[in-house]
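Next come the chains, spelled out residue by residue.
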Amino acid sequence: MGNPMNDLDARIEFMRENMAQMMSVTPWANEMGFEVTRIEKGHIWGVQPFKDHLIGDPETQVIHGGVITTLLDNLCGMSCSTKLKEFRFVATLDLRIDYMRPAESGRDILGEAECYHVTKSVAFCRAWAYHESREKVIATAQGAFAINKPRSNFKKGDQL
Amino acid sequence: MSETLTRAEQLTGFLEQVPIVKTLGMHCDIKGDDMVGVLPFQNKLIGNFTIKALHGGAIGTFLEMTAMAQLFLVADVERPPRTINITIDYLRQGHAKDLYARATVVKLGRRMASVRAEAWQSERDKPVAALLGHFLIGEKRVEGA
């Protein structure tokens, strides 16, 4: 088994093993209560459960768009870790979200993100949010992420 | 003037009922048709503990909510605006302190509006993030209806 820092297969394996605890180290993701459900090379899936404290419109009881922003931003960032040969921290440069249809109240939102291209300093990602499948999408996202320079010290508690 | 105040009261009343506003812990400081969104720092807003940075999603939610609130303040609509799309530029790291935002309605049409918003911390000239959003608004209310 290789080192997750510079061996992609070993890192994906490490991420899969730690999938359940992955979001607990990210306070705002924890507040949203979403979870990572599946990890493949360059691709990651998650679920955002419906929660009353995330409602953005009291009349329709629909979850606020910002919750989808958080979910897709976070999944995009993590998809970079499943694509880069060497582990690097990434930072969101920009994120565009298009809303195709409103989310339905009371239903969980599924999300997935794909890191489809990387250069030396930038990773490009796209993401989807839906109730059932990408055929009936709630929102799509497109983002660019800056790839940070390597850090010599890898501390306990750092996020992959 | 009293009409503007009524609008501000309506907005404040509406925001008090929105769960995500309470979850974020944000409020809006309204002065007539001008407004500043305030997001006091809380540990739960953090996205990366190692560098103690605010989560991009928390910043995005705050910016989107501020843009919607400003739009509600100046557009004569009964329902909150619906987001068509948003683009967020993350310009600087959000540090572990209060975040402020101001939004400008760039174009107010009959059905749609274009809104820009900017968030900053210690220095107004050093924005942390900027948002450009398009929103769907209902038809304007008929006078006296």
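Figured I'd write up the structure that's included with this text. This one's a predicted model, so the numbers in the text were calculated from it and none came from an experiment. (Residues numbered from 1 in each chain as written. Chains lettered and ligands numbered in written order. Predicted model: local features only at pLDDT ≥ 70, side-chain atom pairs only at ≥ 80, totals over all residues. Heavy atoms only, no water.)

1. Examining the overall build of chain B
Here's step 1: Looking only at helices and strands, chain B features three helices and eight strands.
Here's step 2: Beginning at the N terminus, the succession of helices and strands in chain B can be written as α-α-β-β-β-β-α-β-β-β-β.
Here's step 3: Against the compact-globule benchmark of 15 Å for 145 residues, chain B has a radius of gyration of 15 Å, which places it among compact chains.
Here's step 4: Here the C-alpha coordinates of chain B stretch approximately 55 × 25 × 25 Å along the principal axes.
Here's step 5: Sorting the 145 residues of chain B into buried and exposed places 50% on the buried side.
Here's step 6: At a minimum sequence separation of 6, the contacts of chain B that also span at least 24 residues come to 62%.
Here's step 7: As presented, chain B carries roughly 7100 Å² of accessible surface, and 51% of it is formed by carbon and sulfur atoms. (Helix = DSSP H or I, 4+ residues; strand = E, 2+ residues; numbered from the N terminus. Rg over C-alpha atoms; globule rule 2.2 N^0.38 Å. Buried < 20%, exposed > 50% of the residue type's maximum accessible area, 1.4 Å probe, protein only. Contact = heavy atoms within 4.5 Å. Areas by Shrake-Rupley, 256 points an atom, 1.4 Å probe, with all protein chains shown as cover.)

2. Things to note about the overall build of chain A
Here's step 1: Helix and strand counts for chain A stand at three helices and eight strands.
Here's step 2: The secondary structure elements of chain A, listed N-terminal to C-terminal, are α-α-β-β-β-β-α-β-β-β-β.
Here's step 3: A compact globule built from 160 residues should have a C-alpha radius of gyration of about 15 Å, and chain A, at 16 Å, falls within 12% of that.
Here's step 4: Based on the C-alpha atoms only, the size of chain A along its principal axes is roughly 50 × 30 × 25 Å.
Here's step 5: Every one of the 160 residues in chain A was classed for burial, and the buried ones make up 52%.
Here's step 6: Considering only intrachain contacts with a sequence separation of at least 6, the fraction spanning at least 24 residues in chain A is 61%.
Here's step 7: Looking at chain A as shown, the accessible area adds up to about 7500 Å², and 49% of this sits on carbon and sulfur atoms.

3. Some words on helix H1 (residues 8–17) of chain A
Residues and elements named next belong to chain A.
Here's step 1: For H1, the full list of buried residues reads Leu8, Ala10, Arg11, Ile12 and Met15.
Here's step 2: Close packing links the buried residues of H1 with strand S1 (35–40), strand S2 (43–48) and helix H3 (65–81).
Here's step 3: In this structure Asp7 caps H1, since a side-chain oxygen of it lies 3.1 Å from the backbone nitrogen of Asp9. (Polar contact = N/O pair within 3.5 Å; in protein donor to acceptor, adjacent residues only side chain to side chain.)

4. A closer look at helix H3 (residues 56–74) of chain B
Here's step 1: Spanning 19 residues, H3 of chain B covers 27 Å between terminal C-alpha atoms, matching the ideal 27 Å at 1.5 Å per step.
Here's step 2: Most of H3 of chain B is tucked away: 18 of the 19 residues are buried. (Expected span 1.5 Å × (residues − 1).)

5. Overview of unusual backbone geometry
Here's step 1: Within the chain, Gln61 of chain A stands out as a residue other than glycine whose phi angle is a positive 60°.
Here's step 2: With respect to the secondary-structure elements, Gln61 of chain A resides in the loop between strand S3 (55–57) and strand S4 (62–63).

6. So, the packing of H3 of chain A against H3 of chain B
Here's step 1: Where H3 of chain A contacts H3 of chain B, the axes come no closer than 8 Å and their chain directions differ by 155°. Considering their axes alone, H3 of chain A and H3 of chain B lie roughly antiparallel with respect to each other. Crossing geometry of H3 of chain A relative to H3 of chain B is assigned as right-handed. For the pair H3 of chain A and H3 of chain B, the contacting residues are Gly65, Gly66, Val67, Thr69, Thr70 and Asp73 of chain A in the first and Gly56, Gly57, Ala58, Thr61 and Glu64 of chain B in the second. (Axes fitted to C-alpha atoms, helices over the stretch in contact; angles between N-to-C directions. Parallel < 35°, antiparallel > 145°, perpendicular 65-115°, else oblique. Left-handed = near helix turned anticlockwise from the far one by under 90°.)

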